[in-house]
Amino acid sequence: MNRPRKALIAVAVSLGLLATASPPASATTITEPDQDAFYQPAPGYESKAPGTVLKKRSVTVTGLGIPLPVKAFQLQSRSTDAKNRPVTVISTVIVPLTPYLGQRPLLSYQPATDSLGDQCNPSYTLRTGLEKELPLLALGVAKGWAVVVTDYQGPRDAYGAGRMEGHAVLDGIRATLASPEAGLTPTTKVGIWGYSGGGLATGWAAELQPSYAPELNLVGVASGGTPADLAAAGRQMDGGPFSGLFLAAAIGVTREYPELLTIFNAQGKQLITAMDDLCVTEEALYTFQSVKQYSDSPDPLAEPIAQQVLTTNKMGANAPKAPVYLYHSKFDELIPWAVGKSLNDTWCAKGTKVTMYTDYASEHNVLAVTGAPAAITYLSARFAGLKAPTTC
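First, a word on what this report is: a plain description of the structure on this page. (Residues numbered from 1 in each chain as written. Predicted model: local features only at pLDDT ≥ 70, side-chain atom pairs only at ≥ 80, totals over all residues. Heavy atoms only, no water.)

1. Concerning unusual backbone geometry
Applicable threshold: Here a helix means four or more residues in a row that DSSP labels H or I, a strand means two or more in a row labelled E, and each is numbered from the N terminus. To sort residues, take the accessible area from a 1.4 Å probe on protein chains only and compare it with the maximum for the residue type: under 20% means buried, over 50% means exposed, and anything in between is partly exposed.
Although it is not a glycine, serine 196 sits at a positive phi angle of roughly 60°. One can find serine 196 in the loop between strand E8 (190-195) and helix H5 (197-212). Take serine 196: its relative accessible area is 11%, and that puts it in the buried class. Look at phenylalanine 288: it is not a glycine, yet its phi comes out positive at around 55°. Within the secondary structure layout, phenylalanine 288 lies in the loop between helix H9 (280-283) and helix H10 (304-312). Taking relative accessible area as the criterion, phenylalanine 288 reaches 57% and is therefore assigned exposed.

Quick look at the structure:
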């Protein structure tokens, strides 16, 4: 068996183990975010520039209860929410102990958090050993890259609110580059990568970067199963086996756009309370339910206020300057392949160098694993300074 196949199998096995493992003993000794003073916004953060480091602490990153042999620390930085108001976000920075030949690049990795509770965020799961995507981000660490993982849903756990997520990713990068402990510089080459919910944050960061954080040396983007159109993804999942993810996203978006709450009926308000702090595995229990059950509107997504918010949070209004690798399963049962193709066409038309790969041998969850080696290879080439390809 060749080495790449062995590595891929190891990643798949690790993902399965992390998804089903019982909480390690260390999880019981780590304070949850809502009780941890580190997460409380630093006084005066509102007046600081986006990306400003407000707090810092050393941490231990673990997988299955085993500490990783890396330098790790966490940052609180000032960021901006979906409506351009100041907020704070938490980032976890992981730096390999081995020397790097030349300037070490930085990978911003966005796991598919897809959750409504702060205990589901990577700043907590990376410390407790429960981060299901640790094997994927570890591929970057194994390359010798520094890696930053930001709680991109923001302080209100606004799952699905793309503009909040994009801002948080970019400010996590800014804060990392400004921290001497990372050993990086303002000109460090940066790559961003995420799949599914992580692809939502990645795509928005790529699209917002030219206007929000133009100083960053963003050289490559890898985004898979990208939910570029929340309405299309919602209609695909509504009433089916993955309806819980859609309902949770609908609730998450209201945390940045509370005007959407007018669409929910009394049963919908009860749902919001019931799902208040669920993680993705718990949301999955809400199967075969329709958003129509929780609204008096015959088509909640067609309501004018919903259309306004959905349009604001649809990717494609602007285009990334950095080259992009998009990968999507033709048979994706959560995010229609047509959504990824439309994003590809839109960004191409606006001048972005996009390479799109369509996979015919997978579905949504499988491609998260099988698509990882190509994503890493693409970013490696960008860090090496090779000319970006395009399928536009």
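2. Section: helix H4 (residues 162-177)
Spelled out, the test is: Take the number of residues in a helix, subtract one, and multiply by 1.5 Å to get its expected span.
Its 16 residues place the ends of H4 23 Å apart at the C-alpha level, agreeing with the 22 Å of an ideal helix rising 1.5 Å per residue. In terms of residue burial, H4 counts as a mostly covered element, since 15 of its 16 residues are buried.

3. A few points about the pattern of salt bridges
Note the threshold: Each reported salt bridge corresponds to a side-chain nitrogen of Lys or Arg within 4 Å of a carboxyl oxygen of Asp or Glu.
In total, this model carries 12 salt bridges according to the counting rule given. The salt bridge partner of aspartate 299 is arginine 235, with a shortest N-O separation of 3.4 Å. Highlighted residues: aspartate 299 in the loop between H9 and H10 and arginine 235 in helix H6 (residues 230-237), separated in sequence by 64 residues. The structure contains a network of salt bridges with shared partners spanning Asp81, Arg85, Arg156 and Glu256.

4. Focus: the state of the cysteines
Put simply, the rule is: Here, the term disulfide refers to a pair of cysteine sulfur atoms separated by no more than 2.5 Å.
Enumeration over the complete set of coordinates arrives at two disulfides. One disulfide in the model links cysteine 120 with cysteine 279; its S-S distance is 2.0 Å. Of note, the bridge from cysteine 120 to cysteine 279 carries an S-S torsion of about -90° and is left-handed in sense. Of the two residues, cysteine 120 sits in the loop between strand E6 (106-110) and helix H2 (122-128) while cysteine 279 sits in the loop between helix H8 (266-274) and H9, which places them 159 residues apart along the sequence. Of the two residues examined, cysteine 120 and cysteine 279, each falls in the buried class. Each sulfur of the disulfide joining cysteine 348 and cysteine 392 lies 1.9 Å from the other.

5. Some details on the nonpolar core
Stated precisely, the cut-off is as follows: Put simply, buried Ala, Val, Leu, Ile, Met, Phe, Trp, Tyr and Cys residues joined by side-chain atoms within 4.5 Å make one nonpolar core. Between two residues, a contact is recorded if the distance between any of their heavy atoms is within 4.5 Å.
Counting 78 residues, the largest nonpolar core has Leu106, Ile173, Ile192, Met275 and Trp347 as its most contacted members. Leave out the neighbours within four places in its chain, and isoleucine 173 touches Leu106, Ser108, Val148, Val190, Ile192 and Leu216. With 30 residues, the next largest nonpolar core counts Ala72, Ile94, Val149 and Tyr327 among its residues.

6. Observations concerning the packing of H4 against H5
Short version of the rule: Axis definition: a line fitted to C-alpha atoms, limited for helices to the stretch in contact. Angles are taken between N-to-C directions and run from 0 to 180 degrees. Any angle between 65 and 115 degrees counts as roughly perpendicular, while under 35 counts as roughly parallel, over 145 as roughly antiparallel, and the rest as oblique. Classes in brief: Ala, Val, Leu, Ile, Met, Phe, Trp, Tyr, Cys and Pro nonpolar; Asp, Glu, Lys and Arg charged; the others, Gly included, polar.
Two numbers describe how H4 lies on H5: the axes approach to 7 Å, and their chain directions differ by 70°. Considering their axes alone, H4 and H5 lie roughly perpendicular with respect to each other. Taken together, the residues of H5 that come into contact with H4 (itself represented by Gly162, Arg163, Glu165, Gly166, His167, Val169, Leu170, Asp171 and Arg174) are Gly197, Leu200, Ala201, Trp204, Ala205, Leu208, Gln209 and Tyr212. Broken down by class, the residue content of the contact of H4 with H5 amounts to eight nonpolar, five polar and four charged.

7. Observations concerning H10
As a reminder of what qualifies: The directions considered for the arc run from the helix axis to the C-beta atoms.
For H10, the set of buried residues is Ala306, Val309 and Leu310. Down the axis, H10 shows its buried residues gathered within 100° of arc, on one side only. Summarising the geometry of H10, the exposed residues directed more than 90 degrees from the buried face are Pro304, Gln308 and Thr311.

8. Regarding the sheet that holds strand E11 (residues 354-359)
Rules: One bridge is not enough; two strands pair if DSSP finds at least two bridges between them.
Spatially, the nine strands line up as an open sheet ordered E1-E4-E5-E7-E6-E8-E9-E10-E11, and their pairing is mixed. Each of the sheet's edge strands pairs with one partner strand only, and the pair in question is strand E1 (53-58) and E11. Put simply, the sheet's adjacent strands are angled 20° from each other on average, direction ignored. Contacting strand E4 (70-80), strand E5 (86-96), E6, strand E7 (146-150) and E8, helix H3 (residues 134-142) runs over the sheet at an angle of about 150° to E7. Sheet contacts for H4: E1, E4, E5, E6, E7 and E8; angle to E4, the most-contacted strand, approximately 125°.

9. Notes on the side chain of serine 329
Heads up, the rule is: Two N or O atoms count as a polar contact when they lie within 3.5 Å, although within protein this holds only if one can serve as hydrogen donor and the other as acceptor, and sequence-adjacent residues are included solely when both atoms are side-chain atoms.
Secondary-structure assignment places serine 329 in strand E10 (residues 324-329). Among the polar contacts made by the side chain of serine 329, one reaches the main-chain amide nitrogen of phenylalanine 331 at a distance of 3.1 Å. The contacts of serine 329, once residues within four sequence positions are left out, are Trp337, Asp359, Ser362, Glu363 and Leu367.

10. Some thoughts on the pairing of E10
Applicable threshold: Looking down the strands as they point away from the viewer, one classifies a crossover as right-handed if the path from the first strand across the helix to the second runs clockwise.
Of all six residues in E10, six are buried, a share of seventy percent or more. A two-sided burial pattern is seen for E10, the buried positions comprising Val324, Leu326 and His328 on one face and Tyr325, Tyr327 and Ser329 on the other. You can see the chain leave E10, run along helix H11 (residues 337-349) and come back into E11, and the turn it takes is right-handed.

11. A few points about a negative patch on the surface
As a reminder of what qualifies: Within the patch definition used here, like charges are joined within 9 Å and nonpolar side chains (Val, Leu, Ile, Met, Phe, Trp, Tyr) within 5 Å, considering only residues with over 30% relative accessible area and no salt bridge. Accessible areas in this description were obtained via Shrake-Rupley with a 1.4 Å probe; residue shielding takes into account the shown protein chains only. His residues and chain termini do not enter the charge count, which takes Lys and Arg as positive and Asp and Glu as negative. Taken as the charge location is NZ of Lys, CZ of Arg, CG of Asp or CD of Glu.
Taken together, Glu32, Asp34, Asp277 and Glu282 make up a surface patch of like negative charges. In this fold, aspartate 34 is placed in the loop between helix H1 (3-20) and E1. Take aspartate 34: its relative accessible area is 44%, and that puts it in the partly exposed class.

12. What to know about the side chain of threonine 62
With respect to the helices and strands, threonine 62 occurs in strand E2 (residues 62-63). A distance of 3.2 Å separates a polar atom in the side chain of threonine 62 from the backbone oxygen of arginine 127. In terms of polar contacts, threonine 62 uses its side chain to reach the backbone amide nitrogen of glycine 129, at 3.1 Å. When residues no more than four places from it in sequence are discounted, the contact partners of threonine 62 are Pro67, Leu68, Leu126, Arg127, Thr128, Gly129 and Leu134.

Function cannot be read off these values alone, since they describe shape.
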